[in-house]
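# Inside the fold
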Amino acid sequence: MVGAAPKATRIDVAWKTYEGLRDSIRTLAELGGEPALRGVLSGAVESCADRWGAEDCLHRLGIYQSGQTVQPGPGTVTALEAISPAS
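### Looking at the state of the cysteines
This model, assessed by the stated rule, comprises one disulfide. Here Cys-48 engages in a disulfide with Cys-57; their sulfurs sit 1.9 Å apart. One disulfide, between Cys-48 and Cys-57, carries an S-S torsion of 80° and so falls in the right-handed class. Like Cys-48, the residue Cys-57 is buried in the burial classification.

Here it is as structure tokens:
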């Protein structure tokens, strides 16, 4: 199931497997858009319908390339207020 945000649980796969999954998502998005993706995925599939969102889609499924580090997205960063040193 495609989550609304990247999953905390990771499934690390080899580069070739990751590349194949990414390319399959892109192809489905190009050929049939969201309805085609809904034929094989469930959940927040609309994020996968953009062919440039294939990697984000994999991350929302919890799938990462082995050794891949991912920067947190804008929705996952918490702003901290600067604390001035005591005078």
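### Digging into the side chain of Arg-22
With respect to the secondary-structure elements, Arg-22 resides in helix H1 (residues 15–38). A polar atom in the side chain of Arg-22 sits 3.3 Å from the side chain of Asp-23. The residues touching Arg-22, leaving out its near neighbours within four places in the chain, are Trp-15, Ala-54, Glu-55 and Leu-58.

### A few points about the side chain of Ser-47
Mapping Ser-47 onto the fold places it in the loop between H1 and helix H2 (54–60). Residue Ser-47 is classed as buried on the basis of its relative accessible area, which comes to 19%. At a separation of 2.9 Å, a polar atom in the side chain of Ser-47 contacts the main-chain carbonyl oxygen of Ala-44. Those residues in contact with Ser-47 that sit more than four places away from it in its chain are Val-2, Gly-53, Asp-56 and Arg-60.

### Some remarks on the pattern of salt bridges
All told, the structure shown has seven salt bridges when counted by the stated rule. The partner of Glu-46 in a salt bridge is Arg-38, and the shortest N-O contact between them spans 3.2 Å. Residues joined in a network through salt bridges with shared partners are Arg-22, Asp-23 and Glu-55.

Quick notes on the rules
Residues numbered from 1 in each chain as written. Predicted model: local features only at pLDDT ≥ 70, side-chain atom pairs only at ≥ 80, totals over all residues. Heavy atoms only, no water. Disulfide = S-S within 2.5 Å. Buried < 20%, exposed > 50% of the residue type's maximum accessible area, 1.4 Å probe, protein only. Helix = DSSP H or I, 4+ residues; strand = E, 2+ residues; numbered from the N terminus. Polar contact = N/O pair within 3.5 Å; in protein donor to acceptor, adjacent residues only side chain to side chain. Contact = heavy atoms within 4.5 Å. Salt bridge = Lys/Arg side-chain N within 4 Å of Asp/Glu carboxyl O.

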